[in-house]
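Coordinate analysis (summary)
Listed below are the residues making up each chain.
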Amino acid sequence: ITNKQITDKLAILQADYDSKEYQRKRKAEYPPMEDYLDAIVKDDDTQKQKYIDDCKAVKSKYPKT
């Protein structure tokens, strides 16, 4: 393996990592899935909608690039 092959592969991997930054940021801020499951069990449409709205807010904050 040559140094060029290594640096080329590293550049590809870094670009892939950088392109998914929004995913890492979203994951850190999404509300817990337990909140949604709790709303389903309780059949609480208001709580379900709050969870959905919170998720959409995070998606808007960190759009796909």
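Look up: the structure comes first, before these words.
Residues numbered from 1 in each chain as written. Predicted model: local features only at pLDDT ≥ 70, side-chain atom pairs only at ≥ 80, totals over all residues. Heavy atoms only, no water.

Structural notes on the packing of helix H3 (residues 33–42) against helix H4 (residues 45–61)
Running from N to C, H3 and H4 cross one another at 155°; their axes reach a closest spacing of 8 Å. Taken together, the axis directions place H3 and H4 in an arrangement best described as roughly antiparallel. Once H3 is placed against H4, the crossing between them reads as left-handed. Of the residues in H4, those in contact with Met-33, Asp-35, Tyr-36, Asp-38, Ala-39, Ile-40 and Lys-42 of H3 are Gln-47, Lys-48, Tyr-51 and Ile-52. A per-class count over the contact of H3 with H4 returns six nonpolar, one polar and four charged. (Axes fitted to C-alpha atoms, helices over the stretch in contact; angles between N-to-C directions. Helix = DSSP H or I, 4+ residues; strand = E, 2+ residues; numbered from the N terminus. Parallel < 35°, antiparallel > 145°, perpendicular 65-115°, else oblique. Left-handed = near helix turned anticlockwise from the far one by under 90°. Contact = heavy atoms within 4.5 Å. Nonpolar A, V, L, I, M, F, W, Y, C, P; charged D, E, K, R; others polar.)

Looking at a nonpolar patch on the surface
Together, Met-33, Leu-37 and Ile-40 make up a nonpolar patch on the protein surface, roughly 280 Å² of accessible area in all. Here Met-33 lies in helix H3. The exposure class of Met-33 is partly exposed, given its relative accessible area of 46%. (Patch = residues over 30% accessible without salt bridge, like charges linked within 9 Å, V, L, I, M, F, W, Y side chains within 5 Å. Areas by Shrake-Rupley, 256 points an atom, 1.4 Å probe, with all protein chains shown as cover. Salt bridge = Lys/Arg side-chain N within 4 Å of Asp/Glu carboxyl O. Buried < 20%, exposed > 50% of the residue type's maximum accessible area, 1.4 Å probe, protein only.)

Some thoughts on H4
A rise of 1.5 Å per residue sets the reference length of H4, with its 17 residues, at 24 Å; its end C-alpha atoms lie 24 Å apart and thus fit the reference within 8%. Every buried residue of H4 is accounted for by Lys-48, Tyr-51, Cys-55 and Val-58. Viewed end-on, H4 has its buried residues packed into an arc of 90°, placing them on one side of the element. In H4, the exposed positions angled more than 90 degrees off the buried face are occupied by Asp-45, Thr-46, Lys-50, Lys-56 and Ser-60. At its buried positions, H4 is contacted by helix H2 (21–29) and H3. (Expected span 1.5 Å × (residues − 1). Arc of directions from axis to C-beta.)

A closer look at the packing of aromatic side chains
The final tally for this structure, using the stated rule, is one aromatic pair. Ring centres of Tyr-36 and Tyr-51 lie 5.2 Å apart, and the angle between their planes is 40°; on these two criteria the pair is classed as tilted. With a gap of 15 residues between them, Tyr-36 in helix H3 and Tyr-51 in helix H4 connect regions that are remote in the sequence. Across from the ring centre of Tyr-17, 3.7 Å away, lies the NZ or CZ of Arg-24, which sits over that ring. (Phe/Tyr/Trp six-rings, centres within 6.5 Å; stacked < 30°, edge-to-face > 60°. Lys NZ or Arg CZ within 6 Å of the ring centre and 35° of its normal.)

Everything listed is a geometric property; what it means functionally is a separate question.
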